[in-house]
Amino acid sequence: MEHWALQEIETPNGTRDPVVLRSDEGGRAVLLGINAGQELGDHQVKEIAWLTVVEGTVRVSADGDSVEAGPGALFRFAPDERHSVASDGGARILLFLAPFPGAGHYRGHEQGAAVER
């Protein structure tokens, strides 16, 4: 069993410093802090992406729709589905990407280092 205390893992640089919790061929789990006023601009990934809000409030936008959501909210995006995530007051989100890497995923420099539990 693996376990992470998500509220205790530091994310001091917000979106510039994602914390890769686990990454293998089955998927990738990434914890992201979004500092007040930060945004993950319109983007897409090659995997199915699951996003859950751990702390704070975010605004998730895709396909012309926008949803304000707090802790416990869960979103799913299809591969290549464009979306954005922003937070006015700051938030912490957990991303699951699966399978990882998805077909066509760029395998250059990997950002974020695996965190020790």
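Here the structure is a predicted model, which is why all the values come from computation and not from measurement.

Rules used in this analysis
- Residues numbered from 1 in each chain as written.
- Predicted model: local features only at pLDDT ≥ 70, side-chain atom pairs only at ≥ 80, totals over all residues.
- Heavy atoms only, no water.
- Helix = DSSP H or I, 4+ residues; strand = E, 2+ residues; numbered from the N terminus.
- Buried < 20%, exposed > 50% of the residue type's maximum accessible area, 1.4 Å probe, protein only.
- Contact = heavy atoms within 4.5 Å.
- Pairing = 2+ DSSP bridges.
- Axes fitted to C-alpha atoms, helices over the stretch in contact; angles between N-to-C directions.
- Salt bridge = Lys/Arg side-chain N within 4 Å of Asp/Glu carboxyl O.
- pLDDT = per-residue confidence, 0-100.
- Core = buried A, V, L, I, M, F, W, Y, C linked by side-chain atoms within 4.5 Å.

Undergrad: Mind showing me how you'd approach the overall build of the protein here?
TA: Looking only at helices and strands, the protein has 0 helices and 9 strands in total. Each helix (α) and strand (β) of the protein, taken in turn from the N terminus, gives the series β-β-β-β-β-β-β-β-β. Residues classed as buried in the protein amount to 39% of the 117 residues present. Taking all contacts inside the protein whose residues are at least 6 apart in sequence as the whole, residues at least 24 apart take part in 67%.

Undergrad: It is not clear to me how the sheet that holds strand S3 (residues 39-43) should be interpreted in this structure. Could you clarify?
TA: Two modes of strand pairing occur in sheets, parallel and antiparallel, and in both the strands are linked by backbone hydrogen bonds. If you trace the 4 strands from one edge of the open sheet to the other, you get S3-S8-S5-S6, paired in antiparallel fashion. Two strands in the sheet have a free side with no partner beyond their single neighbour: S3 and strand S6 (65-69). Mean inter-strand twist for the sheet, computed between neighbouring axes without regard to direction, equals 15°. In the sheet, strand S5 (residues 58-62) pairs with S6 via 5 bridges, with the strands oriented antiparallel. Bridge assignment links Val58 to a residue of S6, and that residue is Ala69.

Undergrad: Even after reading the chapter, I still don't get the pattern of salt bridges, so can you show me in this structure?
TA: In the structure shown here, the tally under the stated rule is 7 salt bridges. Of the charged contacts, one joins Arg82 and Asp42 as a salt bridge, the two residues approaching to 2.9 Å between their closest N and O atoms. One end of the pair, Arg82, is in the loop between strand S7 (74-77) and strand S8 (83-86); the other, Asp42, is in strand S3, and 40 residues separate them in sequence. The exposure class of Arg82 is partly exposed, given its relative accessible area of 39%.

Undergrad: How do you make sense of unusual backbone geometry when you look at a structure like this?
TA: Outside of glycine, negative phi angles account for most residues, and trans bonds account for most peptide bonds. Located in the positive-phi region is Asp63, a residue other than glycine, with phi close to 50°. You can see Asp63 is positioned in the loop between S5 and S6. In this structure, Asp80 takes a positive phi of about 70° despite not being glycine. By secondary structure assignment, the location of Asp80 is in the loop between S7 and S8. Relative accessible area serves as the criterion here: at 36%, Asp80 is assigned to the partly exposed category.

Undergrad: Is there a simple way to explain the confidence of the model for the protein in this structure?
TA: Low-pLDDT portions of the prediction should not be read for the details of their coordinates. Confidence in the prediction of the protein, expressed as mean pLDDT, is 88, and 86% of residues score 70 or more. Counted against residues more than four places away or in other chains, residues 109-113, with its pLDDT under 50, gives 9 contacts.

Undergrad: Honestly, the nonpolar core in this entry has me stumped. Any pointers?
TA: Soluble, globular proteins show a tendency: their nonpolar side chains are buried together. Core analysis: the largest hydrophobic core is formed by 21 residues, its most contacted members being Leu51, Val58, Phe75, Phe77, Val85 and Ile93. The set of elements that each furnish at least two residues to this core consists of strand S2 (27-34), strand S4 (48-56), S5, S7 and strand S9 (91-98). With 4 residues, the top contributor of residues to this core is S9. Dropping the residues within four chain positions of it, Ile93 is found in contact with Val30, Leu31, Leu32, Ile34, Leu40, Leu51, Thr52, Val53, Val54, Val58 and Val85.

Undergrad: Is there a simple way to explain the sheet that holds S9 in this structure?
TA: The 5 strands lie next to each other as S1-S2-S9-S4-S7, forming an open sheet whose pairing is antiparallel. Both outer strands of the open sheet, strand S1 (19-24) and S7, are each paired with one neighbouring strand and no more. Put simply, the sheet's adjacent strands are angled 15° from each other on average, direction ignored. In this structure, S4 lies alongside S7, joined through 4 bridges in antiparallel fashion. Each bridged residue has a counterpart across the sheet, and for Trp50 the counterpart in S7 is Arg76.

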